[in-house]
Amino acid sequence: AVELEPNNPVFVKEYLMWLELVAKDQRSLVQLLAPRRFGHGGSLQALSGLEDASLACEASVTAKELFQDLDWSRELWEYALENGPCNQCVDNNWPIHTSAQSMREDVGDWQLFLNIFWHQSMRSSLLSITGHGGRHGHRERRYKAWKRRFRS
């Protein structure tokens with residue numbers, strides 16, 4: 001699936017997770033993620049360009065542990081925090097990026113509530129929980145179809 005749609009964030013995330021947890025194939029992880037650090041011409045977008053909080057969250061751990069690139073890891077983690085504070089991955093990976101055992105312990109219920117409902121205006125929370133690039137088709141493919149339909 002990643003070969004057919006290399007810029008679909010759901011496919012990239014699932015393949016990343018499979019390589020990391022099931023296959024334990026570090027060489028393939030490097031081949032998957034290294035060109036996506038900054039993007040590779042027009043064919044591969046950078047991970048940050050795929051605009052998926054869950055993918056950014058999962059890749060932040062790999063960037064930190066496998067690549068030992070703390071700047072890239074921090075960039076991906078900050079994107080995940082900003083765009084997916086209710087994402088399960090953020091809660092699961094919180095101890096890897098901070099000294100606390102959980103996000104709730106670290107920031108508290110009230111701050112968590114304020115961040116989700118007040119500062120983020122619920123937009124990111126709803127997108128992170130209920131929708132992503134693969135559920136209804138890839139964002140770019142949908143945009144091209146919309147453009148063809150309404151611009152002609």
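Just so it is clear, the model here is predicted, and its values are computed rather than measured.

Novice: Please clarify how the nonpolar core should be interpreted in this entry.
Specialist: For soluble globular proteins, the rule of thumb is that nonpolar side chains tend to be buried together. Ranked by size, the top nonpolar core spans 23 residues in total, and within it Leu16, Leu47, Leu76 and Val90 carry the most contacts. The contacts of Leu47, once residues within four sequence positions are left out, are Val12, Leu33, Arg36, Leu55, Ala59, Trp72 and Leu76.

Novice: Would you mind going over the layout of surface pockets with me for this structure?
Specialist: Over the atoms rolls a probe the size of a water molecule, and its path tells where empty space is left. Estimates place the volume of the second largest pocket at around 180 Å³. Taken together, Ala1, Val2, Glu3, Tyr15, Ser28, Gln31, Leu32, Pro35, Arg36 and Leu44 make up the lining of the second largest pocket. It is helix 2 (residues 26-33) that provides the largest number of residues to the lining of the second largest pocket, a total of 3 residues. Residue composition of the lining of the second largest pocket, grouped by class: 6 nonpolar, 2 polar and 2 charged.

Novice: I'm lost on the packing of helix 3 (residues 53-65) against helix 5 (residues 88-97) in this one. Help?
Specialist: If you want to describe how two helices pack, look at the angle between their axes and the distance between the axes. Relative orientation of the contacting elements helix 3 and helix 5 amounts to 20°, with a least axis distance of 10 Å. Taken together, helix 3 and helix 5 sit at an angle that is classed as roughly parallel. Considering only the axes of helix 3 and helix 5, their crossing is left-handed. Every residue of helix 5 that contacts helix 3 at Ser54, Cys57, Glu58, Ser60, Val61, Lys64 and Glu65 is listed here: Cys89, Val90, Asn93, Ile96 and His97.

Novice: How do you make sense of the environment of Leu32 when you look at a structure like this?
Specialist: Mapped onto the secondary structure, Leu32 falls in helix 2. Along the sequence, Leu32 and Pro6 sit 26 residues apart, while their C-alpha atoms lie 9.6 Å from each other. Residues within four places of Leu32 in sequence aside, it is in contact with Val2, Val12, Tyr15, Leu16 and Leu19.

Novice: What exactly am I supposed to notice about the side chain of Asp52 here?
Specialist: Along the polypeptide, Asp52 turns up in the loop between helix 2 and helix 3. We note that Asp52 is buried and unpaired, the nearest opposite charge coming from Lys13 at a distance of 6.0 Å. A distance of 2.8 Å separates a polar atom in the side chain of Asp52 from the backbone nitrogen of Leu55.

Novice: Before we go on, may I ask you to explain the packing of aromatic side chains in this structure?
Specialist: Working definition: an aromatic ring pair is given by the centre-to-centre distance plus the angle between the planes. For the structure shown, the criterion picks out 3 aromatic pairs. An angle of 10° between the planes, with centres 6.3 Å apart, marks the rings of Tyr15 and Trp18 as stacked. With Tyr15 and Trp18 both in helix 1 (residues 9-23) and 3 residues apart, this pair spans about one turn of that helix. In this structure Tyr15 comes out as partly exposed when scored by relative accessible area, which is 32%. For Trp18, a relative accessible area of 44% translates into the label partly exposed. On the basis of an interplanar angle of 75° and a centroid distance of 5.5 Å, the ring pair of Phe67 and Trp72 is categorised as edge-to-face.

Novice: What's the story with the confidence of the model for the protein chain in this structure? I'm lost.
Specialist: The predicted coordinates ought not to be read in detail in places where the model reports low pLDDT. Chain-level statistics for the protein chain give a pLDDT mean of 79 and a share of 72% at 70 or above. Taken as a whole, residues 121-126 scores under 50 in pLDDT and shows 12 contacts with residues more than four places along the chain or in a different chain.

Novice: Looking at this model, I keep getting lost on the state of the cysteines. Mind explaining?
Specialist: As used here, a disulfide is simply a covalent bond connecting the sulfur atoms of two cysteines. Taken as a whole and judged by the stated rule, the model has 1 disulfide. One disulfide bridge connects Cys57 with Cys89, the sulfur atoms lying 2.2 Å from each other. Where Cys57 bonds to Cys89 through sulfur, the torsion about that S-S bond is close to -90°, and the disulfide is left-handed. You can see Cys57 sitting in helix 3 and its partner Cys89 sitting in helix 5, a full 32 residues away along the chain. Across the pair, exposure class does not vary: Cys57 and Cys89 are buried alike.

Conventions and cut-offs
- Just so you know, the residues in each chain are numbered from 1, in the order the chain's sequence is written.
- It should be noted that, the model being predicted, local features are given only for residues of pLDDT at least 70 and side-chain atom pairs only at 80 or more, the latter also being counted only at that level, while totals for whole chains, interfaces and linings use all residues.
- Calculation of side-chain values draws on the structure's entire complement of heavy atoms; hydrogens and water are dropped beforehand.
- Among the buried residues, those of types Ala, Val, Leu, Ile, Met, Phe, Trp, Tyr and Cys that are joined through side-chain atoms within 4.5 Å form a nonpolar core.
- Note on classification: 1.4 Å probe, protein chains only; a residue is buried when its accessible area is under 20% of the maximum for its type, exposed when over 50%, partly exposed between these limits.
- Throughout, a contact is declared for two residues whenever any of their heavy atoms are within 4.5 Å.
- With a 1 Å grid spanning the protein atoms alone, the term cavity applies to any set of points in which a 1.4 Å probe fits but cannot get out, the term pocket to an open set with protein on both sides within 12 Å along at least five of seven lines, and the term lining residue to any residue with an atom within 4 Å of a point.
- Grid points are joined across faces, edges and corners, and a volume is the space filled by probe spheres set on the points.
- Each helix corresponds to a stretch of at least 4 residues labelled H or I by DSSP, and each strand to a stretch of at least 2 residues labelled E; elements are numbered beginning at the N terminus.
- The residue classification treats Ala, Val, Leu, Ile, Met, Phe, Trp, Tyr, Cys and Pro as nonpolar and Asp, Glu, Lys and Arg as charged. All others, Gly included, are polar.
- For every element, the axis is a line fit to its C-alpha atoms; helices are fit only across the contacting stretch, and the angle between N-to-C directions ranges from 0 to 180 degrees.
- To sort the angles, those under 35 degrees are grouped as roughly parallel, those over 145 as roughly antiparallel, those from 65 to 115 as roughly perpendicular, and the leftovers as oblique.
- Note: crossing handedness is left-handed where the near helix turns anticlockwise from the far helix by less than a right angle, and right-handed where it turns clockwise.
- Charge counting treats Lys and Arg as positive and Asp and Glu as negative, with His and both chain ends excluded.
- Whenever a carboxyl oxygen of Asp or Glu lies within 4 Å of a side-chain nitrogen of Lys or Arg, that contact is scored as a salt bridge.
- Polar contact criterion, stated in full: a pair of N or O atoms within 3.5 Å, where within protein one must be able to donate a hydrogen and the other to accept it, and residues adjacent in sequence count only if both atoms are side-chain atoms.
- Stacked, tilted and edge-to-face are the three classes applied to pairs of Phe, Tyr and Trp rings, where Trp contributes its six-membered ring and a pair requires centres within 6.5 Å; stacked means planes under 30 degrees apart, edge-to-face means over 60, and tilted covers the rest.
- For every residue, the pLDDT score states the predictor's confidence, bounded by 0 at the bottom and 100 at the top.
- Cysteine sulfurs are considered disulfide-paired once they come within 2.5 Å of each other.

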